[in-house]
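Chain by chain, the residues:
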Amino acid sequence: YSVDIESLHKNFPADFQVPSLLLDFGNWLKSKRRGSVGYFSLRSERFNDYWIENGADLHANFAFFVRDPTGGQIGYWLYDRRRTVVPPIVMVGSEGELSILSDSLEQFLERIAAGNTQVPDLDSRDQCGIENAELAKWLESRTVNTPIQSHRDHPDLKKWMENWGEQQRDWI
C-alpha cells in the first residue's frame, strides 16, 4: 500500500491533530499487499479549487486521509469547527459524489475490514485473503466502544456543499 504519514501531518487543519488510531492504521497498512483490504492510498491532500469554486477555502472543514484510484477523497468532515466532538467520515468523489460514510474513524475502519464502506474501490479485494480478519482483530484490540452520533444527526453534506457553492458565487 502507498502510505504517506507525513502528508497527514502536513495537510490536516492546524487545529485538528492526526488521530493516533489513524497513524497506527497507516503503520499496519504499510506491510500489507496492495488490494488486500481494498484499493486506496493512505495520504492527505487539501481541498482544492478544481472540485468547487474557492475549494481551497474549505481546508479548515475537511481532513482527508484516503485517496481512491479515481481521485476521490475520504476523510473527516469538520463542520461547525468540530475539533473535540467526533467528526464523521465523508467521501468527496471525483465525479461529484458526496456522502457520509460513517460516524467515526473506528466505524469506518471496521467497514473497511468488513468490505462494506459503500465505496466500490475500498470494498473490492484481491483474492480475499486473511487481511480482512487481521484488520478486524487489530481494530478490536485498539478501539473502545463509545456512543457516537449517528448519520441522521449530522447536517446534509450535499446541501452543505451546495450552500457553500452558492455563497462563493454570490461573493464573486
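The structure reproduced in this document is the subject of the present report. (Residues numbered from 1 in each chain as written. Predicted model: local features only at pLDDT ≥ 70, side-chain atom pairs only at ≥ 80, totals over all residues. Heavy atoms only, no water.)

1. Quick look at the packing of helix α3 (residues 105-114) against helix α5 (residues 131-140)
So the rule is basically this: As a rule, the C-alpha atoms of each element are fitted with a line to give its axis, helices using only the stretch in contact, and angles between N-to-C directions run from 0 to 180 degrees. Put simply, DSSP marks the helices as runs of H or I at least four residues long and the strands as runs of E at least two long, and each gets a number from the N terminus on. Just so you know how the angles are binned, under 35 degrees is roughly parallel, over 145 roughly antiparallel, 65 to 115 roughly perpendicular, and the rest oblique. By the definition used in this description, the sense in which the near helix is turned from the far one sets the handedness, with an anticlockwise turn below a right angle giving left-handed and a clockwise turn giving right-handed. Whether two residues are in contact is decided by their heavy atoms: any pair within 4.5 Å suffices. When residue character is reported, Ala, Val, Leu, Ile, Met, Phe, Trp, Tyr, Cys and Pro are called nonpolar, Asp, Glu, Lys and Arg charged, and the others, Gly included, polar.
Across the interface, α3 lies against α5 with an axial gap of 8 Å and an inter-helix angle of 155 degrees. As the angle between them shows, α3 and α5 are arranged roughly antiparallel. For the element pair α3 and α5, the recorded crossing hand is left-handed. Taken together, the residues of α5 that come into contact with α3 (itself represented by Leu109, Glu110, Ile112 and Ala113) are Asn132, Leu135, Ala136 and Leu139. Taken together, the residues of the contact of α3 with α5 break down into six nonpolar, one polar and one charged.

2. Digging into a negative patch on the surface
Rules: The patches reported here contain residues having more than 30% relative accessible area and no salt bridge. Joining distances are 9 Å for like charges and 5 Å for nonpolar side chains (Val, Leu, Ile, Met, Phe, Trp, Tyr). Under the convention used here, a 1.4 Å probe and the Shrake-Rupley method define accessible areas, while residue burial counts only the protein chains that appear. Salt bridge, as applied in this entry: a Lys or Arg side-chain nitrogen positioned within 4 Å of an Asp or Glu carboxyl oxygen. Asp and Glu count as negative and Lys and Arg as positive, but His and the ends of the chain are not part of the count. By convention, the point assigned to a charge is CZ for Arg, NZ for Lys, CD for Glu and CG for Asp. Relative accessibility under 20% of the residue-type maximum defines a buried residue, over 50% an exposed one, and the middle range a partly exposed one, all with a 1.4 Å probe and only protein chains included.
Taken together, the side chains of Asp156, Glu162, Glu166 and Asp170 define an acidic patch exposed on the protein surface. Relative to the elements of secondary structure, Glu166 occurs in helix α6 (residues 157-171). The exposure class of Glu166 is partly exposed, given its relative accessible area of 41%.

3. Considerations on the side chain of Asn61
Among the secondary structure elements, Asn61 is positioned in the loop between β1 (41-42) and β2 (62-67). When its relative accessible area of 12% is taken as the criterion, Asn61 is described as buried. Once you skip the residues sitting within four places of it in the chain, Asn61 turns out to touch Tyr76, Trp77, Leu78, Tyr79 and Trp160.

4. Concerning the packing of helix α2 (residues 20-30) against α3
Direction vectors running N to C along α2 and α3 enclose 25 degrees, while the axes themselves pass 10 Å from each other. Classified by the angle their axes make, α2 and α3 are roughly parallel. Judged by the sense of rotation from one axis to the other, the crossing of α2 with α3 is left-handed. Here Leu21, Leu22 and Phe25 of α2 lie close against α3, whose contacting residues are Leu105, Glu106 and Leu109. Split by residue class, the contact of α2 with α3 holds five nonpolar, no polar and one charged.

5. Some remarks on the pattern of salt bridges
Across all of its chains, the model carries four salt bridges by this definition. Where Arg43 meets Glu45, a salt bridge forms, and the shortest distance between an N and an O atom there is 3.0 Å. Relative accessible area serves as the criterion here: at 30%, Arg43 is assigned to the partly exposed category. Its relative accessible area of 25% is what places Glu45 among the partly exposed residues. When salt bridges that share partners are traced, they join Arg43, Glu45 and Arg67 into one network.

6. Concerning the nonpolar core
Note the following rule: Grouping buried Ala, Val, Leu, Ile, Met, Phe, Trp, Tyr and Cys residues that are joined through side-chain atoms within 4.5 Å yields what is termed a nonpolar core.
Counting 35 residues, the largest nonpolar core has Phe65 and Phe108 as the members making the most contacts within it. Contributing elements (two or more residues each) for this core: α1 (5-11), α2, β2, β3 (73-77), β4 (89-92), α3 and α5. Among the elements that take part in this core, α2 stands out by supplying six residues, more than any other. Residue contacts for Phe108: discarding those within four places in its chain leaves Phe65, Val66, Ile74, Ile89, Leu101, Ser102, Thr117 and Leu122.

7. Considerations on the pairing of β2
Selection criterion: We call two strands paired when DSSP finds no fewer than two bridges between them.
For β2, a buried count of six out of six residues is recorded, marking the element as mostly surrounded by other parts of the structure. By the bridge criterion, two bridges tie β1 to β2 in an arrangement that is antiparallel. By the bridge assignment, Ser41 is partnered in β2 with Arg67. Pairing analysis gives five bridges linking β2 to β3, with the strands arranged antiparallel. Note that in β3 the partner of Phe64 across the bridge is Gly75.

8. Brief notes about the environment of Phe25
Considering the arrangement of structural elements, one finds Phe25 in helix α2. Taking relative accessible area as the criterion, Phe25 reaches 1% and is therefore assigned buried. Among all residues touching Phe25, those that are not within four sequence positions of it are Phe40, Leu42, Leu109, Leu135 and Trp138.

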